[in-house]
Amino acid sequence: MASMREIKSRINATKKTSQITKAMHMVSASKLKKAEKLMRDYQPLMYRLQEMIDNVLETSEDVSHPMLVKHEVEVTCYVIVSSDRGLAGPYNSSVFKAFKAHIKEHHNSNEEFIVAPIGHKAMSFAKRENYTLLNDKPINVRDDIQFIDFREITDLFMTAFLSGQVDKVVVYYNHFINTITQQVESFDILPVTQNDTDDETEEEPQSTLKDIYAYEPNPQEIINHLVPMYVENTLYGIILDAKASEHASRMTAMKSATDNAEELIQDLQLHYNRARQAAITIELTDIIGGANAVN
Amino acid sequence: MKVNVVTPSGELYNEDVDYVVVSSQMNGEFAILKDHIPIISSIDKGYVKMVRGEQELFTVIINGVVEHNNNIVNVSAQEAHVGMSKESAMDHLNTVREERLEENRKRNFDFAKAERELKKNIKKAKAGK
């Protein structure tokens, strides 16, 4: 049996760890709330953009945009959304696992696709697996996400798509279902599929009477402007979703870590008490033995 | 008429105004008065001036769309900032953008440095052996 002092120091160490994990759990819980609010705030813009694109495309003929046209798929670009930091349970590894399985099934060689990692974890994953990278600098996914952080990456894959370097852009991310469930999902972001209604917008009643709008300067220009905006916002929405998943995942991971630590402390405490009792017993028998020898 | 400005991070402005002036680098400038016909216009980089009585407010916008229908002006913008004058608002938006990008660069750098240090220390401590 380990000595009393050893057990005591282990109890102390575990207590400190559990304090940290408990704090991380609470931080993630409050950040999750913020992330959920951001997701709610973002919905109106997306809905409006979608409505406007539908409106322009329906009311005016001869309007098209290269991003709406499907290409014959030769090279696919995969955007992998991960986090910057670890300690989030299976958050990152589940995305990577799903992505690897997909690659194994659909691609024969690494030349058929390029990867655009978002977040430090995805960056090191892609480097480790020797994938062809779209961006050489890691893209930050900070907890206080802002739109501007992802301008660079959307610009990169949009120009790659327009120049014909890639024919399809797919995003891999963790979809937030609720605090304990997150699911890896993939989403084809480019080419933009028309009337591609999200779950949220499907519930909205479709107005049968479309308003006739005047366009300034003309419908084509408006579409040229709207579609890239739509794509950028879609990616932003996905990242918001992934961010909420990250916090939820970290929260559950930290919660179970705290629980485990507490269990361990209880166990160790028991051992400690036993060791203490044993020491006392030994001392007592020593004393009694000594007293007997004197008599 | 009502003006409603939304960005990806939520609603920025929602008030009653007399009229708005939409200005962009691409399309030039035009005003939307009350009972204007429904119109959609895009802004690459520009501003929306909102006028109520003597008061003027500027919303500078980078990448946005303005939609007017039934005396409601909906401004959807990628990035926007409301200010008293267009110069100050634009300056503010630009500095915020630059600061953010600079900060991101710095974080990347710090992160790489910390990671290198960690690896070095792991090697030194002979952990995992």
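Check the entry above for the structure.
A brief look at the structure comes next. Per-chain numbering applies: the sequence of each chain, read as written, is numbered from 1 onward. Each chain is given a letter, starting from A, and each ligand a number, starting from 1, according to the order in which they appear as written. In keeping with the model being predicted, local features are shown solely for residues with a pLDDT of at least 70 and side-chain atom pairs are shown and tallied solely at 80 or more, while totals for entire chains, interfaces and linings include all residues. Only hydrogens and water are set aside when side-chain values are computed; all heavy atoms of the structure are taken into account.

### Some points on the overall build of chain B
Summing up its helical and strand segments, chain B has one helix and seven strands in all. To qualify as a helix, a DSSP run of H or I must reach at least 4 residues; to qualify as a strand, a run of E must reach at least 2; elements of each kind are numbered from the N terminus. In chain B, the succession of α and β elements from N to C terminus is β-β-β-β-β-β-β-α. Using C-alpha atoms as the atom set, the radius of gyration is obtained and then compared with a globule rule of 2.2 Å times the number of residues to the power 0.38. By the compact-globule yardstick of 14 Å for 129 residues, chain B is too spread out, its C-alpha radius of gyration being 22 Å. Taken over the C-alpha atoms alone, chain B extends approximately 75 × 25 × 25 Å along its principal axes. We call two residues in contact whenever any of their non-hydrogen atoms come within 4.5 Å of each other. At a minimum sequence separation of 6, the contacts of chain B that also span at least 24 residues come to 43%. In summary, the charge assignment counts Lys and Arg as positive and Asp and Glu as negative, without counting His or the chain termini. By convention, the charge on Lys lies at NZ, on Arg at CZ, on Asp at CG and on Glu at CD. Within chain B, one finds 19 positive and 20 negative side-chain charges whose respective centroids are separated by 18 Å.

### A few points about the layout of surface pockets
Estimates place the volume of the second largest pocket at around 400 Å³. Along its surface, the second largest pocket is lined by His-120, Met-123, Ser-124, Lys-127 and Pro-138 of chain A together with Asn-108, Phe-111, Ala-112, Glu-115, Arg-116, Leu-118 and Lys-119 of chain B. Element by element, the count of residues in the lining of the second largest pocket is highest for helix α1 (residues 86–125) of chain B, at seven residues. In this count, Pro and Cys sit with the nonpolar residues alongside Ala, Val, Leu, Ile, Met, Phe, Trp and Tyr, while Asp, Glu, Lys and Arg are called charged and the others, Gly among them, polar. Partitioned by chemical class, the residues of the lining of the second largest pocket number five nonpolar, three polar and four charged. Points on a 1 Å grid over protein atoms alone make up a cavity when a 1.4 Å probe fits among them but cannot get out, and a pocket when they form an open set with protein on both sides within 12 Å along at least five of seven lines; lining residues each have an atom within 4 Å of a point. Grid points are joined across faces, edges and corners, and a volume is the space filled by probe spheres set on the points.

### Topic: helix α2 (residues 91–106) of chain A
Residues and elements named next belong to chain A. Taking 1.5 Å per residue as the helical rise, α2 with its 16 residues ought to reach 22 Å, and the 23 Å between its terminal C-alpha atoms agrees with that figure. Taken together, the buried positions of α2 are Tyr-91, Asn-92, Val-95, Phe-96, Phe-99, His-102 and Ile-103. For α2, the angular spread of buried residues about the axis comes to 125 degrees, placing them on one side. Residues of α2 that are exposed and point more than 90 degrees away from the buried face comprise Lys-97, Lys-104 and Glu-105. Here the buried face of α2 lies against β1 (76–81), β2 (113–118), α3 (120–128), β3 (168–176), β4 (182–190) and α6 (219–294). Take the number of residues in a helix, subtract one, and multiply by 1.5 Å to get its expected span. Buried residues are those whose accessible area, probed at 1.4 Å on protein chains only, stays under 20% of the maximum for their type, while exposed residues exceed 50% and partly exposed ones sit between those limits. Directions pointing from the helix axis toward each C-beta atom define the arc.

### Considerations on the interface of chain B and chain A
Chain B puts 37 residues into the contact, and the matching count from chain A is 36 residues. Here the quantity called buried area is the accessible surface, traced with a 1.4 Å probe, that two parts lose on coming together, added over both. Together, the buried faces of chain B and chain A total about 3,400 Å²; carbon and sulfur atoms form 55% of this surface. By convention in these notes, a salt bridge is any Lys or Arg side-chain nitrogen within 4 Å of a carboxyl oxygen on Asp or Glu. Run the count over chain B and chain A and you get four salt bridges. A salt bridge links Arg-142 of chain A to Glu-103 of chain B; the shortest N-O distance between them is 2.7 Å. Throughout this description, a polar contact denotes any pair of N or O atoms lying within 3.5 Å of each other; where both atoms belong to protein, one of them has to be capable of donating a hydrogen while the other can accept it, and for residues adjacent in sequence the pair is counted only when both atoms sit in side chains. The interface formed by chain B and chain A contains 20 residue pairs in polar contact (both at pLDDT 80 or more). Of all the elements in the fold, those that place two or more residues in the side of chain B that touches chain A are β1 (2–7), β5 (39–52), β6 (55–69), β7 (72–83) and α1 of chain B. A class-by-class count of the residues in the side of chain B that touches chain A yields 14 nonpolar, 16 polar and seven charged.

### What about the sheet that holds β4 of chain A?
Residue and element names in this part refer to chain A. Two strands qualify as a pair provided DSSP detects at least 2 bridges between them. The strand order across the open sheet built from four strands is β2-β1-β3-β4, with neighbouring strands paired in mixed fashion. Edge strands, defined here as strands with exactly one partner in the open sheet, are β2 and β4. Along the sheet, successive strands turn relative to each other by an average axial angle of 25 degrees, direction set aside. Bridge count between β1 and β3: five bridges; the pairing is parallel. Paired with Val-79 across the two strands is Val-171, which belongs to β3. With axes taken as lines fitted to C-alpha atoms, and helix axes fitted only over the stretch in contact, angles between N-to-C directions fall between 0 and 180 degrees.

### Some remarks on a positive patch on the surface
Residue and element names in this part refer to chain B. Only residues whose relative accessible area exceeds 30% and that form no salt bridge enter a patch; like-charged residues are grouped when within 9 Å of one another, and nonpolar side chains (Val, Leu, Ile, Met, Phe, Trp, Tyr) when within 5 Å. Here the open area of atoms and residues is found with the Shrake-Rupley method and a 1.4 Å probe, where only the protein chains shown may cover a residue. Together, Lys-106, Lys-113, Arg-116, Lys-120 and Lys-124 give the surface a local cluster of positive charge. Examined against the element boundaries, Arg-116 turns out to sit in helix α1. Under the relative-accessibility criterion, Arg-116 is labelled exposed at 57%.

### Topic: helix α1 (residues 4–59) of chain A
For α1 of chain A, which comprises 56 residues, the first-to-last C-alpha distance of 81 Å matches the rise-based estimate of 82 Å (1.5 Å per residue) to within 8%. The largest bend in α1 of chain A is about 30 degrees, located at Gln-43 of chain A, with the proline Pro-44 of chain A one to four residues further on. To get the bend at any residue, fit one axis to the seven residues that end at it and another to the seven that begin at it, then take the angle between the two axes.

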